[in-house]
Amino acid sequence: MSNLGVPELLIIALVLVLLFGAKKLPEMARGVGRSLRIFKSETAKLREDDEDSHTVQAQAQAPAQPQPQPQPAQPQQIQAVPAPTLSAEEQARQLEEQAARLRASAASQADKRV
């Protein structure tokens, strides 16, 4: 795959333009970018979850050490309650609904232009 040069890339770009048209390519690129962004954030969350579970396991295996007593020098501040996290299925369903709405609005805009 590392043997792709400029001529090969130009041929691939020409084929893509012929297959999809010049107007659809930016839309497709945006969609791929969004998908990659979502994928990156989800994999980062998975890595954080794995690191958290390893930290908890390491703390459970470590011998118990006496913890210093916290001193209430400052009044406690009210912390905002984080919103409940959605499951992967719920996130996928919401993304599909958003995509359907975007497709419908794009179709209605295309009908208005014609």
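What counts and what doesn't
- Residues numbered from 1 in each chain as written.
- Predicted model: local features only at pLDDT ≥ 70, side-chain atom pairs only at ≥ 80, totals over all residues.
- Heavy atoms only, no water.
- Helix = DSSP H or I, 4+ residues; strand = E, 2+ residues; numbered from the N terminus.
- Buried < 20%, exposed > 50% of the residue type's maximum accessible area, 1.4 Å probe, protein only.
- Areas by Shrake-Rupley, 256 points an atom, 1.4 Å probe, with all protein chains shown as cover.
- Patch = residues over 30% accessible without salt bridge, like charges linked within 9 Å, V, L, I, M, F, W, Y side chains within 5 Å.
- Salt bridge = Lys/Arg side-chain N within 4 Å of Asp/Glu carboxyl O.

A. A look at the overall build of the chain. A count of helices and strands for the chain gives three helices and zero strands. In the chain, the succession of helices and strands from N to C terminus is α-α-α. Burial analysis of the chain (114 residues in total) assigns 0% to the buried set. Of the accessible surface of the chain, which amounts to about 11200 Å², a share of 60% is contributed by carbon and sulfur atoms.

B. Molecular detail of a nonpolar patch on the surface. A surface patch of nonpolar side chains, about 800 Å² in accessible area, is lined by Leu-4, Leu-9, Ile-11, Ile-12, Val-15, Leu-16, Leu-19, Phe-20 and Met-28. The element contributing the most residues to the nonpolar patch is helix H1 (residues 6-20), with seven residues. On the accessibility criterion, Phe-20 (39% relative accessible area) is partly exposed.

C. Spatial organisation of the pattern of salt bridges. Under the criterion given, the structure shown has three salt bridges. Across the pair Lys-24 and Glu-27 runs a salt bridge whose closest N-O atoms are separated by 3.9 Å. Separated by three residues within a single helix, Lys-24 and Glu-27 lie in helix H2 (residues 24-61), roughly one turn from each other. Given a relative accessible area of 45%, Glu-27 falls into the partly exposed group. A salt bridge links Glu-97 to Arg-93; the nearest nitrogen and oxygen atoms lie 3.1 Å apart. A residue pair is termed a helical-turn pair when its members lie 3 or 4 positions apart in one helix, as Glu-97 and Arg-93 do in helix H3 (residues 88-113) at four residues. Note on Glu-97: relative accessible area 37%, which makes it partly exposed.

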